[in-house]
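A structural walkthrough
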Amino acid sequence: LFQFGHNDQKLSHLTADGGYRKLYEVYIAEIRALGGIPVIVTPLARNSWKGDGESYNDLLSAYNDSCVRLGKDFDVPVVALHDAAMDFIVRNGRDAVKKYFFPSDYTHTNDYGAFFFAGVVYSELVRLGVLNIEDALSVDTRNPAWVAPEKLEMPDLPKNLAGQESSAASGAAGEDP
C-alpha cells in the first residue's frame, strides 16, 4: 500500500499529473519487479472549508484524480480513501469531524480518526479483492459503529514521570526516557 499527496502538493515539481504521477509509476514498476502487488491509496481528504464555512474545499482533488487514472492506466487496485473521507467530512460537517483530527489541524488525524479511516481502507481492500477474507468486517462510513467522544482529555502522567524532561542524556545510560 502506498499513498502520497498532502505534502507533495506543496512542492511545485510534484504536480498531480507531473512529478507526482511519475513517482507513482516508478514505485509501481519497482514493486512489481520485486514480485509485489502495488495498491494505491488515494490521499485522505482534509477537513478544509471555504471562508463561509458552508462549502467544502477539496484541496486534493487533482491528486485523487491522478491516483484513479494511474490505477486504470497500470491495472493497479486503488483504495478510494479520499472519496470516503470527503463524504464523511461533508456529511457530518467541519465542526463535528474536528474530533477525528489533531487540535487545530485539518490534515492529520488523531488516534480516533486513524482507527476510523484504517477501517475504511480495510473495507476497501476487501471490496477490491486485495484481501480475500470470507467473513470480512465492513465499515459503514454513513453509520460508524464507533464514534469519537465529543471532548478529548489527555490522561495525567504517572507521578514518577511528571516534571521530568526527556533528554538524550537520560537515554544514554540505557534508560527509556
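For the structure, check the block above.
Let me begin by describing the structure that accompanies this report. (Residues numbered from 1 in each chain as written. Predicted model: local features only at pLDDT ≥ 70, side-chain atom pairs only at ≥ 80, totals over all residues. Heavy atoms only, no water.)

**Quick word on helix 1 (residues 19–33)**
With 15 residues, helix 1 extends 21 Å between its outermost C-alpha atoms, agreeing within 8% with the 21 Å of an ideal straight helix rising 1.5 Å per residue. Buried within helix 1 we find G19, Y20, R21, Y24 and I28. Of the surrounding secondary structure, the elements contacted by the buried residues of helix 1 are strand 1 (40–41) and helix 2 (61–74). Once helix 1 finishes, G35 follows within two positions and takes phi at roughly 85°, a positive value. (Helix = DSSP H or I, 4+ residues; strand = E, 2+ residues; numbered from the N terminus. Expected span 1.5 Å × (residues − 1). Buried < 20%, exposed > 50% of the residue type's maximum accessible area, 1.4 Å probe, protein only. Contact = heavy atoms within 4.5 Å.)

**Some points on unusual backbone geometry**
One can expect most non-glycine residues to show negative phi and most peptide bonds to be in trans. You will see that D75, though not glycine, has its phi angle at about 55°, which is positive. Tracing the backbone through its elements, the reader meets D75 in the loop between helix 2 and strand 2 (78–79). Look at D75 and you get exposed, because its relative accessible area is 66%. A positive phi angle, close to 60°, is found at S104, a residue other than glycine. Relative to the assigned elements, S104 resides in the loop between helix 4 (94–97) and helix 5 (111–128). S104 sits in the exposed class, given a relative accessible area of 87%.

**Quick look at the packing of aromatic side chains**
Evaluation of the coordinates by the stated rule reveals 13 aromatic pairs. Consider the rings of F116 and F117, whose centres lie 5.1 Å apart with planes at 75°: the pair is edge-to-face. Take F116 and F117: they sit in the same class, and that class is buried. Taken together, the aromatic side chains of F2, F4, Y20, Y24, Y27 and Y63 make up a single cluster linked through ring pairs. (Phe/Tyr/Trp six-rings, centres within 6.5 Å; stacked < 30°, edge-to-face > 60°.)

**What to know about the packing of helix 1 against helix 2**
At their nearest, the axes of helix 1 and helix 2 sit 11 Å apart, and the two run at 40° to each other. As far as their axial angle goes, helix 2 and helix 1 are oblique. As helix 1 packs across helix 2, the resulting crossing turns out to be right-handed. Mapping the contact onto sequence places Y20, R21, Y24, E25, I28 and R32 in helix 1 and Y63, S66, C67, R69, L70, D73 and F74 in helix 2. Grouping the amino acids of the contact of helix 1 with helix 2 by side-chain chemistry returns seven nonpolar, one polar and five charged. (Axes fitted to C-alpha atoms, helices over the stretch in contact; angles between N-to-C directions. Parallel < 35°, antiparallel > 145°, perpendicular 65-115°, else oblique. Left-handed = near helix turned anticlockwise from the far one by under 90°. Nonpolar A, V, L, I, M, F, W, Y, C, P; charged D, E, K, R; others polar.)

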